[in-house]
Structure formats: C-alpha cells, structure tokens
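The chain contents come next:
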Amino acid sequence: PATSETEAGLRKPVIRVATYNVRGCVDANRNVNPDMIAGIMREVNADIVALQEVDAQKPFSLNRNQAGILAEKLSMDYVFFPAETSGLRAFGLAILSRYEFDDCYCSCLPSLYPKLKPRKRAAIRAGIPTPTGSINLINAHLSLFKLERRLQLKALMGKEWLAEIPEDEPLIFCGDLNAGPLSGTYRKLSRMFTDVQKDGKEFRSNPLQPTFHSWSPLFRIDHIFISRHLQTLNAEVLKTSETQTASDHLPLIADLKVII
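Residues numbered from 1 in each chain as written. Predicted model: local features only at pLDDT ≥ 70, side-chain atom pairs only at ≥ 80, totals over all residues. Heavy atoms only, no water.

Caption draft 1: Fine view of the sheet that holds strand 5 (residues 103-108). Here six strands make up an open sheet; going across it, the order is 5-6-7-8-10-9 and the pairing mixed. Across the chains shown, the open sheet's two edge strands, defined by having one partner strand only, are strand 5 and strand 9 (194-195). This element, helix 5 (residues 184-192), spans strand 8 (171-176), strand 9 and strand 10 (222-226) of the sheet and lies at about 20° to strand 10. (Pairing = 2+ DSSP bridges. Helix = DSSP H or I, 4+ residues; strand = E, 2+ residues; numbered from the N terminus. Contact = heavy atoms within 4.5 Å. Axes fitted to C-alpha atoms, helices over the stretch in contact; angles between N-to-C directions.)

So this is what it looks like as structure tokens:
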C-alpha cells in the first residue's frame, strides 16, 4: 500500500552510535593493529563513533595518526584531541562521524593528583548534523580515582560543556567513564539522562552487558547516556573473538531515534 506523506514524515531515521576504548589499537599480542579495529568498526557500522585512548605520532602525514587512519578506512570525518603530548607522540580521544561536524570543543579535564602523574583525562563536545537534525555528543574519558571523577564531572556540567547545549537539542553523553552503576558519577548522570542499556521495557528484562575486561567482562564502565529527545531502539555490547583480542574494552553500540 502507498504511504502518505504524513506517515513518511513520522518515520525518523535511526542513528547508530558506538563508544569504544581502543587502547591505542594494541591487540592481545601487543601489536599495534588499527586494521583490526577498523574491521570491528566496519562490522559495527555506526554513524558516529566515540573513541578513547587513540594514539598518534607527529607528523600525522606519515600514516601514524590512528584517528585519521580509521576515518579514512571507514570513509568518515573525524576530530582528534591529544590529551597528552610527549615529544612526537600524542594520545587522546576522537570522534568519527559519517556527517560533517558543525562545531567542536576539546579540553583536558581537572586533575587532583598532578604529583602522581596520572594519565590525563579529556573530553570532546561536538555538534553533528544528521538526517534527524543536529545532535550534540560529548565523548569523555574520566579518571580511575573517585574524587577526581567527581571534579571532572562537575567541570563537564559547566560552561563550554553541558551548560553550553540548548535544552531543546538532543544530547548523547558517552565514553569510558571508569564508573560502574553504583558509583556517584553514574548515579548523577542517570538522574539527568537515560542509560541506553536501561531504556525501554525490552531492555529492562535483559541482563546488563559489561564492557571490561574484554576477555572476561565483569565491569560496566563504558556508557552511552541520552537526553529525553532520544529513544533507544537497540543496545548491545559486541563480544566476539575479534573484540576480545583487539582491545581491553568491548564496544558499546546503540541505535537511536529522535522522538522530540
């Protein structure tokens, strides 16, 4: 039967989003293997991918920029932010997207223990135009330490981050948060947003899927949270022989549609 223009207009395109800590593309054999990560991402077939622990070496033109390598292999646009730089080496976060970026803001997050020289943490905020309209995405990699995570999340609530995003625009907050469901970080975010693994009746009856450690996952520390403007159609953690050896985290994937 023919579909009316009204019915067609009500059909919202689905956006597939993934978050994945790729551990510098170092596989279980300790080989730097961006081809393996690219193969996994090709299977995931996400429209937007938030990546953590992305490695690079300057100059990027010498095929040493992992975000650029993955984006080229997947025919995606990308933004990369080096949270750490040492000599010619850079290490940080990236967002890959099938759509061009409207705007991006990148910054390191606060640290409480500089004398311990912990790994620097950072986030990227991006506005991305999609067939559903513009979507805001924050990709964050938070600290291992509880008090530091609390300080970093407070920063992300403020100016240039969540406070910068209009309340009427869809938002995805995701990344390696190093925070399980019992943590203060998770509880605070879940009061503001919806965890895609808990969105919808069909998900509440299913066991929640951990993302770390990849070989025998026990901890749910990688998350995708969504604002009230979005609905989860499907959420899954991809656990295969490839994902179990490509990184120490498993990718988390969500199919989303705009409902407001």
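What follows continues from the structure just given.
Caption draft 2: Quick peek at the packing of aromatic side chains. Taken as a whole and judged by the stated rule, the model has three aromatic pairs. Ring geometry for Tyr-105 against Trp-161: centres 5.0 Å apart, planes inclined by 70°, an arrangement best described as edge-to-face. With Tyr-105 in strand 5 and Trp-161 in the loop between helix 4 (146-157) and strand 8, this residue pair connects regions lying 56 residues apart in the sequence. Take Trp-161: its relative accessible area is 4%, and that puts it in the buried class. Judged by centre distance (5.3 Å) and plane angle (70°), the ring pair of Tyr-113 and Phe-145 falls under edge-to-face. In this pair, Tyr-113 is assigned in the loop between strand 5 and strand 6 (122-130) and Phe-145 in the loop between strand 7 (133-141) and helix 4, connecting sequence segments 32 residues apart. Given the relative accessible area of 26%, Tyr-113 is considered partly exposed. (Phe/Tyr/Trp six-rings, centres within 6.5 Å; stacked < 30°, edge-to-face > 60°. Buried < 20%, exposed > 50% of the residue type's maximum accessible area, 1.4 Å probe, protein only.)

Caption draft 3: How the structure looks around the environment of Ile-135. Along the chain, Ile-135 turns up in strand 7. When the C-alpha atoms of Ile-135 and Ile-15 are compared, they prove to be 9.9 Å apart, with 120 residues separating the residues in sequence. Contact partners of Ile-135, with chain neighbours within four places excluded, come to Ile-15, Ala-126, Gly-127, Ile-128, Thr-130, Pro-170 and Ile-172.

Caption draft 4: Region of interest: unusual backbone geometry. Cis geometry marks the peptide bond from Phe-212 to His-213; its omega dihedral reads -5°. Positioned with a positive phi, Arg-30 is a non-glycine residue whose angle comes to about 65°. On the secondary structure map, Arg-30 appears in the loop between strand 1 (15-21) and helix 2 (34-44).

Caption draft 5: Here's a closer look at the pairing of strand 7. Most of strand 7 sits inside the fold, with seven of its nine residues counted as buried. The pairing of strand 6 with strand 7 spans nine bridges and is classified as antiparallel. Looking across to strand 7, one finds that Ala-122 is bridged to His-141. As consecutive antiparallel partners, strand 6 and strand 7 are separated by two residues. Regarding topology, helix 4 serves as the crossover connection from strand 7 to the parallel strand 8, and that connection is right-handed. (Right-handed = clockwise from strand over helix to strand, strands pointing away.)

Caption draft 6: Region of the structure containing the confidence of the model for the protein chain. Per-residue pLDDT for the protein chain has a mean of 90; in total, 90% of the residues score no lower than 70. Counted against residues more than four places away or in other chains, residues 1-9, with its pLDDT under 50, gives three contacts. (pLDDT = per-residue confidence, 0-100.)

Caption draft 7: Structural detail: the side chain of Ser-214. Here Ser-214 shows up in the loop between helix 6 (201-204) and strand 10. Only 3.3 Å separates the side chain of Ser-214 from the backbone oxygen of Gln-244, close enough to count as a polar contact. Setting aside anything within four residues of it in sequence, one finds Ser-214 in contact with Thr-243, Gln-244, Ser-247, Asp-248, His-249 and Leu-250. (Polar contact = N/O pair within 3.5 Å; in protein donor to acceptor, adjacent residues only side chain to side chain.)

Caption draft 8: Structural view of the pattern of salt bridges. All told, the structure shown has six salt bridges when counted by the stated rule. For Asp-195, the salt bridge goes to Arg-220, with nearest N and O atoms at 2.8 Å. Taken together, the residues Asp-195 in strand 9 and Arg-220 in the loop between helix 6 and strand 10 connect sequence positions 25 residues apart. Accessibility assignment for this pair places Asp-195 and Arg-220 in one class, buried. (Salt bridge = Lys/Arg side-chain N within 4 Å of Asp/Glu carboxyl O.)

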